[in-house]
Amino acid sequence: MPRTLPLLRGRWSRGGRGGAGRLIVLGVVGTLFWCGLFGISWRVLRYFKGIEDIGDLLAYKLLSMILVVSFALLLFSGILTSLARLFLSRDLLLVHSLPVADHRIFIARWIDTTADSSWMVIVFTMPVFLAYGLTFGAGTIYYAGTLLALFLLAVIASALSAWLVMIGVMIVPATRMRGVVILMGVLLFVALYLAIRLMRPEQLVDPEVFDSVLAYVSSLQAPSAPFLPSTWASDSIQAALAGRVANSLFHLAISASFAVLIFCLAVITADAVYFKGFSRAQTAATATIRRRGFSEPMFRFFPGPVRAFTVKEIKTFLRDQTQWTQLFLIAALLVIYIYNFDALPLEKSPIQTVYLQNVFAFLNMGLALFVLTAVAARFAYPAVSLEKEAFWLVKSSPLSIRNFLLIKFFIYYLPLLALTETLIVGTNLLLKVTPFMMVLSTVTVFFLVPGIVAMGIGLGAAYPDFKAENPAQTASSFGGLVFMLTCAGYITVVILLQAGPVYRLFMADLHGVPLAPIVWLWIVAAFAAAFILSVLAIILPLRFGEKRLRQTHL
């Protein structure tokens, strides 16, 4: 495949915009996360090992669940990446003009897709498998077999994804198929998650819910679906953990044979329909989308340039299927998030219920803000980068950069505020918290949400990526990491500032004990510091983003 290699080099030689400093930051953060995941896995597996008779069964059941989830992530990521790499990338017009056979172009793009869609899943599941190896005292064969099993799982998921995408593009144009796939994936994820959640899988580690020990052990030994590639990988890794080398190699051979089969099927399909599907994607891309029902008179009180950019921003969001289809996912996660609090077994805790309710409510305040940060990273942070090459129109318009950023801020601030307050109020009602905790959490969220949104808009303007093909690529850049870390630090500092005063106020109210004047002074100072920090979180990022954006050239 000599002509295939230049296509791969073209992908990996495209600009490293980040310097050594960015690589160091990313490396440090990735290493810390990797070590944290290993520590958690180690503790869980050591706990399972300490359970007589069924400890290994619990560990194997967990391993099977991890591989099923990993395969689902690989498959879904592979479908989206295959769509982008095979049909929607900007350089495909040049690539298909080269004197290279269609199947060679497909193979080069497929290798790129496989690496791009699977590296994160494999890298961040490795600490889990390392913990398994150390806990079970496995040898070198286990580690080599695990790497091979994960590699084959990624190849199967990527080849199957590419084959499904090529078949699907012949039915639905690629430009519309992305929205269809995302919507179907969201609905499937929600349905599966709700089904699993309503089954209460936490009861799996509670033998009291079973009529007998035999029924409990039988539920743990229930076989997985034998025709799933994740089952072959799980059986291979379990056999390697137990030292059964021949059995492990047998399941690896099954995975390898299926990987070769599905890859050959994908190459044959590519030779027949790949270019036809690509041509259909280019034809469909010229179609325009028109939507009615959104009128400008509701913004007639705004100045002309402000009104024009506000309407443009809202219409752009509504026309982008990759944006609005994710609203279904957010709504589903909202329901799931609130349901999890309803399922908390607080009545079984030896700690006083009213104390636990308010502790969970206080911690939930920080958790809801972290959820907001993730949502803002997907919507608010890429808002400036979504202007792409048309940003020169913004700079040449009579609208100032400051007003441009303020428009972006308010468009995302109101929906995200409603989302976070819904989370807080809904979970507090389920927890039946005191009126003091209800007021505290809602007011705190009200003041922290604008700071998080301002950080998203400001840092997104400071580190724009006008060449990104999709918002997810922008959110995963160096600037996106800076935004996530800054928001995490901001939320942590505010929670820590409030933790001590809230505890003293709650305990004083619970026991009916008055607080000393010095304590009241400390409480007022802590809340004042949190308020000042929230104000600065709004002003400083927007000013920083405005300054950097003025200096930006396309």
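Residues numbered from 1 in each chain as written. Predicted model: local features only at pLDDT ≥ 70, side-chain atom pairs only at ≥ 80, totals over all residues. Heavy atoms only, no water.

K.L.:
Talk me through the overall build of the protein; I want residue IDs and the actual numbers.
P.N.:
Counting secondary structure elements, the protein contains 20 helices and zero strands. Burial analysis of the protein (554 residues in total) assigns 44% to the buried set. Contacts in the protein between residues far apart in sequence, at least 24 positions, make up 82% of those at least 6 positions apart. A total accessible area of about 28,400 Å² is found for the protein, and carbon and sulfur atoms account for 71% of it. (Helix = DSSP H or I, 4+ residues; strand = E, 2+ residues; numbered from the N terminus. Buried < 20%, exposed > 50% of the residue type's maximum accessible area, 1.4 Å probe, protein only. Contact = heavy atoms within 4.5 Å. Areas by Shrake-Rupley, 256 points an atom, 1.4 Å probe, with all protein chains shown as cover.)

K.L.:
Any chance you could break down the packing of aromatic side chains for me, citing the residues and the numbers?
P.N.:
Applying the stated criterion to the full structure yields 14 aromatic pairs. With centroids separated by 5.5 Å and ring planes inclined at 75 degrees, the aromatic side chains of tryptophan 232 and phenylalanine 258 adopt a geometry described as edge-to-face. Note that tryptophan 232 is positioned in helix H9 (residues 229-241) and phenylalanine 258 in helix H10 (residues 245-284), a separation of 26 residues in sequence. Between phenylalanine 446 and phenylalanine 447, the aromatic rings sit 5.6 Å apart at their centres with planes inclined by 85 degrees, giving edge-to-face as the arrangement. The class of phenylalanine 446 is partly exposed, set by a relative accessible area of 41%. For phenylalanine 447, a relative accessible area of 34% translates into the label partly exposed. By the ring-pair criterion, three or more aromatic residues cluster together here, those being Tyr60, Tyr132 and Phe136. Directly above the aromatic system of phenylalanine 379 lies the positively charged group of arginine 378, at a separation of 5.6 Å from the ring centroid. Above the ring of tyrosine 463, the side-chain terminus of arginine 548 is found at 5.1 Å from the ring centroid. (Phe/Tyr/Trp six-rings, centres within 6.5 Å; stacked < 30°, edge-to-face > 60°. Lys NZ or Arg CZ within 6 Å of the ring centre and 35° of its normal.)

K.L.:
I'd like a description of the pattern of salt bridges, backed by residues and values.
P.N.:
For the structure on display, the rule yields four salt bridges. Note that arginine 85 and aspartate 112 form a salt bridge whose closest N and O atoms lie 3.4 Å from each other. Linking arginine 85 in helix H3 (residues 55-88) with aspartate 112 in helix H5 (residues 102-136), this pair joins segments that are 27 residues apart in sequence. Residue classification places arginine 85 among the buried residues on the basis of a relative accessible area of 10%. (Salt bridge = Lys/Arg side-chain N within 4 Å of Asp/Glu carboxyl O.)

K.L.:
Please set out the nonpolar core residue by residue, giving values where relevant.
P.N.:
Residues Phe404, Tyr412, Ile452, Ile457, Phe483 and Leu549 are the most contacted members of the largest nonpolar core, which totals 62 residues. Contributing elements (two or more residues each) for this core: helix H11 (304-319), helix H14 (353-379), helix H15 (391-396), helix H16 (401-431), helix H17 (435-462), helix H19 (478-511) and helix H20 (517-550). For phenylalanine 483, the contacting residues outside a window of four places in its chain are Thr373, Ala376, Ala377, Tyr381, Ile452, Met455, Gly456 and Leu459. Core analysis: the second largest hydrophobic core is formed by 55 residues, Ile105, Val155, Ala157 and Val165 among them. (Core = buried A, V, L, I, M, F, W, Y, C linked by side-chain atoms within 4.5 Å.)

K.L.:
Mind laying out the environment of leucine 481, listing which residues take part and the relevant values?
P.N.:
One can find leucine 481 in helix H19. What makes leucine 481 buried here is its relative accessible area of 16%. A sequence separation of 452 residues divides leucine 481 from valine 29, and the C-alpha atoms of the two residues are 9.1 Å apart.

K.L.:
Tell me about the confidence of the model for the protein, and please be specific about residues and values.
P.N.:
In the predicted model, the protein carries a mean pLDDT of 76, and the fraction of residues at 70 or more is 72%. Overall, residues 1-18 carries pLDDT values under 50, and its contacts beyond four positions in sequence, including any with other chains, amount to 23 contacts. Contacts of residues 209-222 to residues separated by more than four positions or lying in other chains number 22 contacts, the stretch itself having pLDDT below 50. (pLDDT = per-residue confidence, 0-100.)

K.L.:
Quick rundown of the packing of H19 against H20? Include the residues and the values.
P.N.:
The geometry of H19 relative to H20 is characterised by a closest axis approach of 10 Å and an angle of 160 degrees between their N-to-C directions. Between H19 and H20, the crossing angle belongs to the class labelled roughly antiparallel. Helix-helix and strand crossings are classified by hand; for H19 and H20 the assignment is left-handed. Residues Tyr490, Val493, Val494, Leu497, Gln498, Gly500, Pro501, Val502, Arg504 and Leu505 of H19 form the contact with H20, whose own contacting residues are Val519, Trp520, Trp522, Ile523, Ala526, Phe527, Ala529, Ala530, Leu533, Ser534 and Ala537. Residues of the contact of H19 with H20, tallied by class, amount to 17 nonpolar, three polar and one charged. (Axes fitted to C-alpha atoms, helices over the stretch in contact; angles between N-to-C directions. Parallel < 35°, antiparallel > 145°, perpendicular 65-115°, else oblique. Left-handed = near helix turned anticlockwise from the far one by under 90°. Nonpolar A, V, L, I, M, F, W, Y, C, P; charged D, E, K, R; others polar.)

K.L.:
Before we move on, can you summarise the environment of lysine 467 with the specific residues and values?
P.N.:
Within the fold, lysine 467 resides in the loop between H17 and helix H18 (471-475). According to the relative accessible area criterion, lysine 467 is exposed, its value standing at 60%. Sequence spacing of lysine 467 and serine 385 is 82 residues, and the spatial spacing of their C-alpha atoms is 8.0 Å.

K.L.:
Quick one: what's the story with the side chain of serine 385, residue by residue and with numbers?
P.N.:
Secondary-structure assignment places serine 385 in the loop between H14 and H15. Separated by 2.9 Å, the side chain of serine 385 and the backbone nitrogen of aspartate 465 make a polar contact. Excluding anything up to four places from it in sequence, serine 385 contacts Gly460, Pro464, Asp465, Phe466 and Thr474. (Polar contact = N/O pair within 3.5 Å; in protein donor to acceptor, adjacent residues only side chain to side chain.)

K.L.:
Tell me what's going on with H19, and back it up with residues and numbers.
P.N.:
With 34 residues, H19 should cover 50 Å at 1.5 Å per step; its first-to-last C-alpha distance of 49 Å lies within 8% of that length. Just downstream of H19, glycine 512 is the residue with a positive phi angle, here 70 degrees. (Expected span 1.5 Å × (residues − 1).)

K.L.:
Lay out H16 in plain terms, naming residues and giving numbers.
P.N.:
Given 3.6 residues per helical turn, the α-helix brings residues three or four places apart onto the same face. With 31 residues, H16 ought to run about 45 Å at 1.5 Å a step, and its terminal C-alpha atoms sit 44 Å apart, in line with that. Along H16, the sharpest kink reaches roughly 30 degrees, centred on tyrosine 413 and followed within four residues by the proline proline 415. Immediately beyond the C-terminal end of H16, within one or two residues, lies lysine 432, with a positive phi of roughly 55 degrees. (Bend = angle between axes of the 7 residues up to and from the residue.)

K.L.:
An account of a nonpolar patch on the surface is requested, with residue identities and associated values reported.
P.N.:
Side chains of Val439, Val443, Phe446, Phe447, Phe531, Ile532, Val535, Leu536, Ile539 and Leu540 sit close together on the surface and give an oily, nonpolar patch of about 840 Å² of accessible area. The element best represented in the nonpolar patch is H20, accounting for six residues. Counting through the fold element by element, leucine 536 comes out in helix H20. (Patch = residues over 30% accessible without salt bridge, like charges linked within 9 Å, V, L, I, M, F, W, Y side chains within 5 Å.)

K.L.:
Describe in detail the packing of H16 against H20, supporting the description with residues and values.
P.N.:
The N-to-C vectors of H16 and H20 enclose an angle of 130 degrees; their axes lie 10 Å apart at closest approach. Judged by the angle between their axes, H16 and H20 are oblique. As H16 runs across H20, the sense of the crossing is right-handed. Residues Ile401, Arg402, Phe404, Leu405 and Leu406 of H16 form the contact with H20, whose own contacting residues are Leu542, Gly545, Glu546, Leu549 and Arg550. Taken together, the residues of the contact of H16 with H20 sort by class into six nonpolar, one polar and three charged.

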